[in-house]
Amino acid sequence: ALATYWLAYQVLHNRIAAFMAGIMFAFSPVRWGQVNHLTLLSTMLIPVYIGCLLKAKQGLEEGLRSAWTYFAAAGLSLGVIAYDSEHYSIFLVVFSAIFIIFWFPFRLQKEKLWQWLKLAAGVVSASAISVLIYGPMLVAARREIDAAGDYVTFPLRETWFGADIFSFITPINPKSLFGHLYSIKDFHFLISEDAYIGIIPLLLALVGAILYIKRRSMWLWLVSAVLFTTLALGPYLLINGEMKQVAGTYFLFKSIPLLGSIRVPSRFVIMSSLSVAILAGYAVKAFTRLQ
């Protein structure tokens, strides 16, 4: 919550909105749904990494040398989080690609293009630092795969099934708030296919996106939320436990090295949850300004 507060305050410049964003991500149902996977519950360095990227970008714009310190800190965060969960490090690599593409200066002014090239170089440098930190584990993993095979290629249900469409709006715990409105027996998706972020954060995120639709920085989080949500759907559309022969965005990524190791596509939704929390923060920011 504290790490997300630090990130959200950089984006929103509003303490109440940043506080609420931190609470919504830290106590997100989809996050606490991983309480039996302590590695997946260790999400602190996700907002720290993104926050370091934002600090580095700001430093480049202001001509500060500290920008490269933040790039180094981002690389350290990315390397360390890989030891908790390589899934999260992969998710952050995808976010980094979004980050670089998003800030590309479409008006090709020399100064802005040069600044963007330094931003891209900084992100690449951060990735290189993370590889150095996580390198020993990558070498060990390579040896294990050569010796015992790659378990990711096994025909597991989770490998081919992403988040169920209904799971985004259905609390899997019938004892949760408003849970009595749902008859769990009528839903047939597995816990591994659950992606429930919360109705209130989703509604606030929608309001925030509408109210700040002209703010370019808001679109970064909206694009992130949409992309990671579509990735969480997996290779085929899953509706109430029934797989439809409709190819999803995940198919485009599965052939990319590293991304193919995501055994449970629905785990992408942790990044959707963070993006939704930031978007919801925009709505809270707007409400505080009405007072």
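Each remark here, short or long, concerns the structure printed above.
In this text, all values refer to a predicted model and were calculated from it rather than measured experimentally.

Peer 1: Which parts of the structure should I look at to understand unusual backbone geometry?
Peer 2: Glycine aside, negative phi is the norm for most residues, and most peptide bonds take the trans geometry. One non-glycine residue, His13, adopts positive backbone phi at about 55 degrees. Within the secondary structure, His13 is located in the loop between helix H1 (2-12) and helix H2 (15-26).

Peer 1: How do you make sense of the nonpolar core when you look at a structure like this?
Peer 2: Here is a general trend for soluble globular proteins: nonpolar side chains tend to be buried in one another's company. Grouped together as the largest cluster of nonpolar side chains are 77 residues, with contacts concentrated most on Ile50, Trp221, Phe228, Met271 and Tyr282. Residues in contact with Trp221, not counting those within four places in the same chain, are Leu7, Val11, Ile50, Phe95, Ser275, Ile278, Leu279 and Tyr282.

Peer 1: For this particular structure, what's the right way to read the packing of aromatic side chains?
Peer 2: Think of a pair of aromatic rings as described by two things: how far the centres are apart, and how the planes are tilted against each other in angle. In this structure the tally under the stated criterion is twelve aromatic pairs. Here Tyr83 and Tyr134 contribute two aromatic rings whose centre-to-centre distance is 5.0 Å and whose plane-to-plane angle is 80 degrees, an arrangement assigned as edge-to-face. With a gap of 51 residues between them, Tyr83 in helix H6 (residues 66-84) and Tyr134 in helix H8 (residues 110-148) connect regions that are remote in the sequence. Residue Tyr83 is classed as partly exposed on the basis of its relative accessible area of 40%. Relative accessible area serves as the criterion here: at 13%, Tyr134 is assigned to the buried category. Put simply, the rings of Tyr88, Phe91, Phe228 and Phe268 touch in pairs and so form one group of aromatic residues. Arg15 extends its terminal NZ or CZ atom over the ring of Tyr9, reaching a point 4.7 Å from the ring centre. Positioned above the aromatic ring of Trp103, the side-chain terminus of Lys57 is 4.0 Å from the ring centre.

Peer 1: Whenever I open this one, helix H7 (residues 86-102) confuses me. Can you help?
Peer 2: In an α-helix, one full turn covers 3.6 residues, which means residues spaced three or four apart are oriented alike. For H7, spanning 17 residues, the distance from its first C-alpha to its last is 24 Å, which sits close to the expected 24 Å at 1.5 Å a residue. In terms of burial, H7 is a largely internal element, 13 of the 17 residues being buried.

Peer 1: Mind showing me how you'd approach the pattern of salt bridges here?
Peer 2: Two side chains bearing opposite charge may form a pair once their charged atoms approach each other closely. Evaluated as defined, the whole model comprises one salt bridge. Measuring nitrogen to oxygen at the nearest pair gives 2.4 Å for the salt bridge that ties Glu61 to Lys57. Of the two residues, Glu61 and Lys57 are both situated in helix H5 (residues 45-61); the distance of four residues between them amounts to about one turn of the helix. Given a relative accessible area of 13%, Lys57 falls into the buried group.

Peer 1: Which parts of the structure should I look at to understand the side chain of Ser89?
Peer 2: Structurally, Ser89 can be placed in helix H7. Take Ser89: its relative accessible area is 10%, and that puts it in the buried class. Residue contacts for Ser89: discarding those within four places in its chain leaves Leu78, Ile81 and Ala82.

The rules we used
- Residues numbered from 1 in each chain as written.
- Predicted model: local features only at pLDDT ≥ 70, side-chain atom pairs only at ≥ 80, totals over all residues.
- Heavy atoms only, no water.
- Helix = DSSP H or I, 4+ residues; strand = E, 2+ residues; numbered from the N terminus.
- Core = buried A, V, L, I, M, F, W, Y, C linked by side-chain atoms within 4.5 Å.
- Buried < 20%, exposed > 50% of the residue type's maximum accessible area, 1.4 Å probe, protein only.
- Contact = heavy atoms within 4.5 Å.
- Phe/Tyr/Trp six-rings, centres within 6.5 Å; stacked < 30°, edge-to-face > 60°.
- Lys NZ or Arg CZ within 6 Å of the ring centre and 35° of its normal.
- Expected span 1.5 Å × (residues − 1).
- Salt bridge = Lys/Arg side-chain N within 4 Å of Asp/Glu carboxyl O.

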